[in-house]
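Structural overview
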Amino acid sequence: MPLFKPEKKQIAQNAGKWDVVISEDMCKACGFCLQICPVDVFAWRRTANRLGWFPMYVAHEANCIGCMLCYQICPDFCINVAPKAEAEPAVAS
Ligand code: SF4
Ligand code: SF4
């Protein structure tokens, strides 16, 4: 039985503005992030990491709404979420 039953959300206006990074070699495949993400950013990888687990990977980064729930729940501090860098403005000559 899942630990969480998060309410799934529509992809919101601020989606696509976040970089989501997982340290896959540190992931112990508990699945907490998969359960709690309201917009299904994560998925299982089919190859094992160096710990022998089949870790999470960032499958749908463009869905991310920056809620930070995954960052807060990961017990091994594997996930980082940060705003995407703004594009460099064109330099006037
Ligand atoms: S911050 Fe994490 S939990 Fe929230 S939408 Fe992005 S990937 Fe999902
Ligand atoms: S919560 Fe952390 S340790 Fe658990 S599956 Fe997600 S990334 Fe891996």
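The rules behind each value
The written sequence of each chain sets the order in which its residues are numbered from 1. Each chain takes a letter, starting from A, and each ligand takes a number, starting from 1, following the order in which they are written. Side-chain atom pairs in this predicted model are given and counted only at pLDDT of 80 or more, local residue features only at pLDDT of at least 70, and totals for whole chains, interfaces and linings cover all residues. The basis for every side-chain value is the complete set of non-hydrogen atoms in the structure, without hydrogens or water. Put simply, a residue is near a molecule or strand once any heavy atom of it comes within 4 Å of that molecule or strand. Note on residue categories: nonpolar means Ala, Val, Leu, Ile, Met, Phe, Trp, Tyr, Cys or Pro, charged means Asp, Glu, Lys or Arg, and polar means any other residue, Gly included. Helix and strand labels come from DSSP, where a helix needs a run of H or I of at least four residues and a strand needs a run of E of at least two; each type is numbered from the N terminus. Relative accessible area decides the class of each residue, using a 1.4 Å probe on protein chains only: under 20% of the type maximum gives buried, over 50% gives exposed, and in between gives partly exposed. Residues adjacent in sequence count toward polar contacts only when both atoms are side-chain atoms; beyond that, a polar contact is any pair of N or O atoms within 3.5 Å, and within protein one must be able to donate a hydrogen and the other to accept it. When checking whether two residues touch, look at their non-hydrogen atoms; a contact exists if any pair is within 4.5 Å. Among buried residues, those of type Ala, Val, Leu, Ile, Met, Phe, Trp, Tyr and Cys that are joined through side-chain atoms within 4.5 Å constitute a nonpolar core. When a carboxyl oxygen of Asp or Glu lies within 4 Å of a side-chain nitrogen of Lys or Arg, that pair is called a salt bridge.

Let's talk about the site of ligand 2
In the vicinity of ligand 2, the residues found are Cys-27, Lys-28, Ala-29, Cys-30, Gly-31, Phe-32, Cys-33, Met-56, Cys-74, Pro-75, Cys-78 and Ile-79. Among the residues making up the shell around ligand 2, the classes are represented as ten nonpolar, one polar and one charged.

Section: the side chain of Asn-49
Relative to the helices and strands, Asn-49 resides in the loop between β2 (42-44) and β3 (56-58). Asn-49 gets classed as buried once you look at its relative accessible area, which sits at 10%. In this structure the side chain of Asn-49 is engaged in a polar contact, spanning 2.8 Å, whose partner is the backbone oxygen of Glu-24. From its side chain, Asn-49 meets the backbone nitrogen of Leu-51 in a polar contact 2.9 Å long. Among residues more than four places away in sequence, those in contact with Asn-49 are Glu-24, Asp-25, Cys-27 and Pro-55.

Notes on the site of ligand 1
In the vicinity of ligand 1, the residues found are Cys-37, Pro-38, Val-39, Val-41, Phe-42, Cys-64, Ile-65, Gly-66, Cys-67, Met-68, Cys-70 and Val-81. Of the residues in the shell around ligand 1, the class split is eleven nonpolar, one polar and no charged.

A look at the nonpolar core
Among the nonpolar cores identified, the biggest contains 16 residues, and Phe-42, Ile-79 and Val-81 are the most heavily contacted of them. When residues of this core are traced back to their parent elements, those giving at least two are β1 (18-22) and β4 (79-83). In terms of residue count, β1 provides more of this core than any other element does, three residues in total. In this view, Ile-79 contacts Val-20, Val-21, Ile-22, Cys-33, Phe-42, Cys-70, Tyr-71 and Cys-74; residues no more than four positions away in its chain are not counted.

Here we look at the pattern of salt bridges
Between side chains of opposite charge, a pair can form as their charged atoms come close. In total, this model carries five salt bridges according to the counting rule given. Notably, a salt bridge pairs Arg-45 with Glu-24, separated by 2.5 Å at the nearest N-O pair. Of this pair, Arg-45 sits in the loop between β2 and β3 while Glu-24 sits in the loop between β1 and α1 (32-36), and the two are 21 residues apart along the sequence. For Glu-24, a relative accessible area of 23% corresponds to the partly exposed category. Here Glu-61 ties to Lys-84 by a salt bridge, and the two come within 3.1 Å at their closest N and O atoms. A residue pair is termed long-range when its members are at least 10 positions apart, and Glu-61 in the loop between β3 and α2 (69-73) and Lys-84 in the segment after β4 qualify at 23 residues. Residue classification places Glu-61 among the partly exposed residues on the basis of a relative accessible area of 26%.

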